[in-house]
2 protein chains.
Amino acid sequence: MASTSSLSLSNSLLARSVSHHAPASASPLPTFSGLKSASSSSPAQIPIAALRRRFLQRQIRAAAIETLAPAETSLVDNSVNTIRFLAVDAVENANSGHPGLPMGCAPMGHVLYDEFIKFNPKNPYWFNRDRFVLSAGHGCMLQYALLHLAGYDSCKLEDLKSFRQWGSKTPGHPENFETPGVEVTTGPLGQGIANAVGLALAEKHLAARFNKPDCEIVDHYTYCILGDGCQMEGVAHEACSLAGHWGLGKLIALYDDNHISIDGDTEIAFTEDVSKRFEALGWHVIWVKNGNNGYDEIRAAIKEAKSVKDKPTMIKITTTIGYGSPNKSNSYAVHGSALGAKEVDATRKFLGWPHEPFHVPDDVKKHWSRHIPEGASLESEWNEKFAAYEQKYKEEADVLKSIITGELPAGWEKALPTYAPDSPGDATRVLSQQNINNLADVLPAFVGGSADLASSNLSLMKKFGNFQKNTPEERNIRFGVREHGMGAICNGIARHCPGMIPYCATFFVFTDYMRAAIRISALSQSRVIYVMTHDSIGLGEDGPTHQPIEHLASFRAMPNVLMLRPADGNETSGAYRVAILNKKRPSVLALSRQKVPLIAGTSIEGVEKGGYIVSDNSSDNKPDVILMGTGTELELAVEAAHELRKEGKAVRVVSLVSWELFGEQSAEYKESVLPEDVTARVSIEAASTFGWERMVGSKGKAIGIDSFGASAPAPVLYKELGITAQAVIAAAKELC
Amino acid sequence: MASTSSLSLSNSLLARSVSHHAPASASPLPTFSGLKSASSSSPAQIPIAALRRRFLQRQIRAAAIETLAPAETSLVDNSVNTIRFLAVDAVENANSGHPGLPMGCAPMGHVLYDEFIKFNPKNPYWFNRDRFVLSAGHGCMLQYALLHLAGYDSCKLEDLKSFRQWGSKTPGHPENFETPGVEVTTGPLGQGIANAVGLALAEKHLAARFNKPDCEIVDHYTYCILGDGCQMEGVAHEACSLAGHWGLGKLIALYDDNHISIDGDTEIAFTEDVSKRFEALGWHVIWVKNGNNGYDEIRAAIKEAKSVKDKPTMIKITTTIGYGSPNKSNSYAVHGSALGAKEVDATRKFLGWPHEPFHVPDDVKKHWSRHIPEGASLESEWNEKFAAYEQKYKEEADVLKSIITGELPAGWEKALPTYAPDSPGDATRVLSQQNINNLADVLPAFVGGSADLASSNLSLMKKFGNFQKNTPEERNIRFGVREHGMGAICNGIARHCPGMIPYCATFFVFTDYMRAAIRISALSQSRVIYVMTHDSIGLGEDGPTHQPIEHLASFRAMPNVLMLRPADGNETSGAYRVAILNKKRPSVLALSRQKVPLIAGTSIEGVEKGGYIVSDNSSDNKPDVILMGTGTELELAVEAAHELRKEGKAVRVVSLVSWELFGEQSAEYKESVLPEDVTARVSIEAASTFGWERMVGSKGKAIGIDSFGASAPAPVLYKELGITAQAVIAAAKELC
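About the cut-offs
- Residues numbered from 1 in each chain as written.
- Chains lettered and ligands numbered in written order.
- Predicted model: local features only at pLDDT ≥ 70, side-chain atom pairs only at ≥ 80, totals over all residues.
- Heavy atoms only, no water.
- UniProt positions renumbered as here; feature names shortened; annotations may be inferred.
- Helix = DSSP H or I, 4+ residues; strand = E, 2+ residues; numbered from the N terminus.
- Buried < 20%, exposed > 50% of the residue type's maximum accessible area, 1.4 Å probe, protein only.
- Contact = heavy atoms within 4.5 Å.
- Areas by Shrake-Rupley, 256 points an atom, 1.4 Å probe, with all protein chains shown as cover.
- Lys, Arg positive; Asp, Glu negative; His and termini not counted.
- Charge placed at Lys NZ, Arg CZ, Asp CG, Glu CD.
- Phe/Tyr/Trp six-rings, centres within 6.5 Å; stacked < 30°, edge-to-face > 60°.
- Lys NZ or Arg CZ within 6 Å of the ring centre and 35° of its normal.
- Core = buried A, V, L, I, M, F, W, Y, C linked by side-chain atoms within 4.5 Å.
- Buried area = accessible area lost by both parts, 1.4 Å probe.
- Salt bridge = Lys/Arg side-chain N within 4 Å of Asp/Glu carboxyl O.
- Polar contact = N/O pair within 3.5 Å; in protein donor to acceptor, adjacent residues only side chain to side chain.
- Nonpolar A, V, L, I, M, F, W, Y, C, P; charged D, E, K, R; others polar.

As recorded in an unreviewed UniProt entry, chain A goes by transketolase and comes from Linum tenue. UniProt, in its Subunit (unreviewed entry) section for chain A, records the words "Homodimer." Annotation of chain A in UniProt includes, under Function (unreviewed entry), the sentence "Catalyzes the reversible transfer of a two-carbon ketol group from fructose-6-phosphate or sedoheptulose-7-phosphate to glyceraldehyde-3-phosphate to yield xylulose-5-phosphate and erythrose-4-phosphate or ribose-5-phosphate, respectively. Could act as a stress sensor involved in adaptation process."

Following this line, the structure appears as structure tokens:
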């Protein structure tokens, strides 16, 4: 991993000012710039089905128009229709999927991938590639068709033919873990654009830290296609407000303005002035009125967007959903179902496409084939650039390399604080703060922040300033009160490259606002660290709106998430260790507002096993009773054990800090902690008892809270709601 | 409940054109209108701590200024300072809470409650009252202080003195179920304004249906105070976009523009042009620059807002957080902590407030005391109006009365479809659609819709049109792709009056987007029906982003929610019956995309018990094995039982359609369904097994899916993921 010749760091360079689409004179391959438009003679051109009044509402300045030669236009038409029909045919073949978006967005898709996006199809993970996110993920056949034409091995023709089938690389929505070339996992609307904001943030941050006046080693754009559905989602709004605030100039969003969502015309629920809103958010806004075949306008708009450096750009591109389908275009009927054989035929006739299904014409194949050598050369040029950078800036290059590869610095774990048995206790949020600050010293791309609760979550890295428009090299991210946007942005950061390690913080109860993003972290195998403080009724007076009850259970039930609830300093350090080492899953850390003592017997190693014995006075693995707890209630189990032992009982205390990790241990280990024969078991946790039967068994007792909390000082709540050592003792005595 | 003399329908009337603040000549009580301003001589007036550049950014048209007489101004100052110090003193007394907002918002709070809001303090549930929502719920001492001055019994001085204490009526955030006078439960930011949108929607809808040219029987405003934090939340944006779309002219939002959130100046994360955004959303926008003591401007702005009938209005009111605290105002330090004795003293000096804690000056008391008789007369006048309405429009009055009281029409349950054992099966979403349409016939204020998935959720009431700006009498609500906003708006609708029964629909997996709203439904005891279709891998090709796995478990763990997963037609009807009858909790219905057969033995009555025996060939309550299932997998349990019985086994099949309801049954009943001695138990559910140990016990087997799903046709997924009758048979054979 340390070699510069690794896949991610193979040798290639692209100077910022040079487009990889050189003028025709410099390249034997077809190009499209600077030629005269003949789009009006295009066979594919039909009038937009209906000019809606919205078109007239507001004049965003139209993109300057470039021109294109007739021959070239016909090639583009062919390419665009190839994309349309690959989508139509794949959906038809699967009898399932969404043809409408690919048919409408094929033109912008073609222009983007063929003319703008920097990529190497044979190495989808080349670090300095442009990132592309299809936020309207249901239109994934657009992306698969583009990846196919572009030469990615993940989207060969047989992959398109197995669209939406078991084991295929072409699932029903884009999934980064299934399809190399797909950057993030989308489908749940609105999150993709927020992921794109995260990708653009990562680029801006790394560029600010590593670029030199003589060498812009980090330099790529982030493109995103989003639809009306994404625009309606609050998460998209949150992230776009931040993108404007941060001035993410290299983020370019193409808004597929087709006026149709599943329920029909967007008139029924979505009549806001989107362009004006984005202006209010600090974006540069362009309107391309003819997205169906206005290649020149699309091209000009993207060029203009690239030239605006201080603001993100939204290009509103008016299209017709299902363009080309004579009877279903411009209606929801084309959104999410196969066209049906008859309408496919009609569409073939309409667009002049006599070919059999999955046909890619030779001229289109030939045209796109240049991307394989061009991509390879882009990467190798960048690698040469990196070699030069490394020679001149050895230290920075080493750090950047570790970020690119994700290799953790040797000995990083030594930064995790450890606590001697006589250390004073503290709130686990305070102990978390120590971890965050120590990790900030050793992990070069550990970045993060909170949703406007930095002083409560204690999530600031004290030695760094704020990532802002003009200080993008800093590492504290201020998300504002935007939990969902925060989570989705962190997913984008995590997916930028393996060494970016984002964390984000809010109150544990507000995971409800960002749960959809946490699920995407889990599904997309993204290491995001969720620092969730105020993790129980222990927060006290803020009351039930702020007191998590069901949240631990709800994450224990979610696949591929590590739910960690450390009890003290050593367990908090263990939780961070586990969170960092688990590169393919997110971790949710539930941390206390209130102080806890350091508990004898806790350890980092224990946390790695998820559940372990904290103290025990039994022999032969046969305690009279096993007391279990997590987090702030482990103390109560310890206290109860102390009392019970005084009365002669053999009592084992078990910390169950992470059920997932414990579940992954060997049967022998689990038996050594929770022997099957010992059915006298009591658990205590200031949360829902739901799920605790797994640990206490049919004969055990789970002490918890199965109602909402209340507003009162924490000690009162613990007493009134029965979360006490006395309750544990009483329950234990009933059992043994 | 049928009498018009019920509390909610006592006799009182307020003509729309008459303010309850009559001119001075018509009233012996002090009034403020039409008098000359002397705010510049107010002892409380200090310069705003810092004029920020944002003040200059954009000139929204300033409110016209009315004038106020010096004497009156000093009384208002006294009242405003009373509010400030009740908040300061209560927070100080609790040593916990948020003084900053009440101190800054006391002027707008005073003007709103004293001069505009129509209420009867002795009947907080009077139907035609104006609704007020404090979306920035942390500032609840503002609301408690206002309710105290206004004469509500829920906020007597001793209640303010027990702020944030166990058992008090004044919890740390506003809770409708604790404090009469509080309409909704707020605290989690952004949702309150969405609740207000729901309240305003309900008013507009009922007014459109029941008002007559000669009698506007439904006629109130909805006011909301929201802060910077609310403005950043996506849910607020979603709801405000809809409010603009719907033209909710009687919704008036007062935006406490204080530039401070917990992390400090909003400059660090929130620099969008909020006013321009709201204009883009179709709102009328007004800016009051001096919210600290510009009573006239505030008053004029609200008057203007009331006069704009076709758009909701946002009044941006620039204030200083913690106004009056010389050392902490205009900083996050005053947001969420007690000021401390020293700073309280300094604030008393600064604002010229020599009084002991919790003091209400006599002139202020006297001034506010008029609201008790005025409120009573408002209500009795409205009730007279209602009596006249009833005389003239008997039929409408009866319906409206049932909506106001929440009394269900006699025999409504007969509308629920029932199915004979030989009925053809169907997808439970289709069966749900039948229920929705049948209920639409019998429940007069059953309203709802989906988040742009009407054709998938099958959630349309076919006989009604769409609730829209110009057709507010219709009952289908088109929420667009805004799940969180949808849930929070439904909470507002449900809280408008007991007979409004909102339902809302999306894919079950997208409960993740709206979970925070569902939790508020549960906490605030609001009957919202969540119609959640596509409830498992059974949705097939859309893949893991769309396939719920952990969602059933996550709601089973949430307090006060009914999680229902019906298996067929009778169970779907049972689920709706339960959902309607449970007036104090929300129901989440998980419904299938795919067809299921009608299962012999299912029943509406069974659903009401949550778990029940569907079939059994055992005797003496001693089956060899108990097979359990829910929803679409109950069929697999039935099939497995059939096979096992062929082999001579005594097999019981149990449907566990709602764990909550089953858990509420008597111990005897539970034992009759799941006898403790029968430990051979197998469950099957196409979802996380988390929590199933509660039902299958330590020796049983839970068949489920503890990973994410995949993109493939549903039958393939069921087979590949092991959700089959064969798996049940194999597990059962291992156990018995």
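The structure having been displayed, the exposition proceeds.
A. Here's a closer look at the overall build of chain A. The helix and strand tally for chain A stands at 27 helices and 20 strands. Along the first, second and third principal axes, the C-alpha atoms of chain A reach 95 × 60 × 45 Å. A total of 736 residues make up chain A; the buried ones form 70% of that total. Across chain A, the fraction of contacts at a sequence separation of at least 24, relative to all contacts at a separation of at least 6, is 80%. For chain A, the exposed surface amounts to about 21,900 Å²; the carbon and sulfur share of it is 52%. With 73 positive and 83 negative side-chain charges, chain A shows a separation of 3 Å between the mean positions of the two kinds.

B. View of the packing of aromatic side chains. Evaluation of the coordinates by the stated rule reveals 42 aromatic pairs over all chains. For the ring pair Phe 690 of chain A and Trp 659 of chain B, a centre distance of 5.8 Å and an interplane angle of 40 degrees mean the geometry is tilted. Note that Phe 690 of chain A is positioned in the loop between β19 (681-684) and α25 (693-696) and Trp 659 of chain B in helix α23 (residues 659-663), a pairing that runs across two chains. Ring geometry for Tyr 144 of chain B and Phe 163 of chain B: centres 6.1 Å apart, planes at 70 degrees, overall edge-to-face. Of this pair, Tyr 144 of chain B sits in helix α4 (residues 140-150) while Phe 163 of chain B sits in the loop between α5 (157-161) and α6 (191-210); the two residues are 19 residues apart in sequence, bridging distant segments of the chain. The same class applies to Tyr 144 of chain B and to Phe 163 of chain B, which are both buried. Lys 316 of chain A extends its terminal NZ or CZ atom over the ring of Trp 287 of chain A, reaching a point 4.5 Å from the ring centre.

C. Quick look at the side chain of Thr 222 of chain B. Position of Thr 222 of chain B relative to the elements: it lies in strand β2 (residues 222-227). In contact with Thr 222 of chain B, not counting residues within four places along its chain, are Arg 131, Ala 196, Leu 199, Ala 200, Lys 250, Leu 251 and Ile 252 of chain B.

D. Region of the structure containing the UniProt feature "active site" (unreviewed entry) in chain A. As recorded in UniProt, the sites labelled "active site" (unreviewed entry) are Glu 483 of chain A. Setting aside its immediate chain neighbours within four residues, Glu 483 of chain A contacts Glu 238, Ala 451, Thr 506, Phe 510, Tyr 513 and Met 514 of chain A together with Glu 233 of chain B.

E. Structural view of the nonpolar core. Among the nonpolar cores identified, the biggest contains 147 residues, and Phe 446, Ile 529 and Leu 627 of chain A together with Phe 446, Ile 529 and Leu 627 of chain B are the most heavily contacted of them. When sequence neighbours within four positions are dropped, the list of residues in contact with Phe 446 of chain A reads Ile 436, Leu 439, Ala 440, Met 461, Arg 475, Ile 501, Tyr 503, Ile 529 and Ile 580 of chain A.

F. Looking closely at the interface of chain A and chain B. Contact with chain A, which involves 103 residues of that partner, is made by 103 residues of chain B. In total, about 8,300 Å² of surface goes out of reach between chain A and chain B, with carbon and sulfur atoms giving 57% of it. Connecting chain A to chain B are 14 salt bridges. Between Arg 515 of chain B and Asp 512 of chain A there is a salt bridge, with its nearest N and O atoms 3.4 Å apart. At the junction of chain A and chain B, the tally comes to 54 residue pairs in polar contact (both at pLDDT 80 or more). Broken down by element, the residue count for the side of chain A that touches chain B peaks at eight residues, all from helix α18 (residues 511-523) of chain A. Of the residues belonging to the side of chain A that touches chain B, the class tally is 42 nonpolar, 35 polar and 26 charged.

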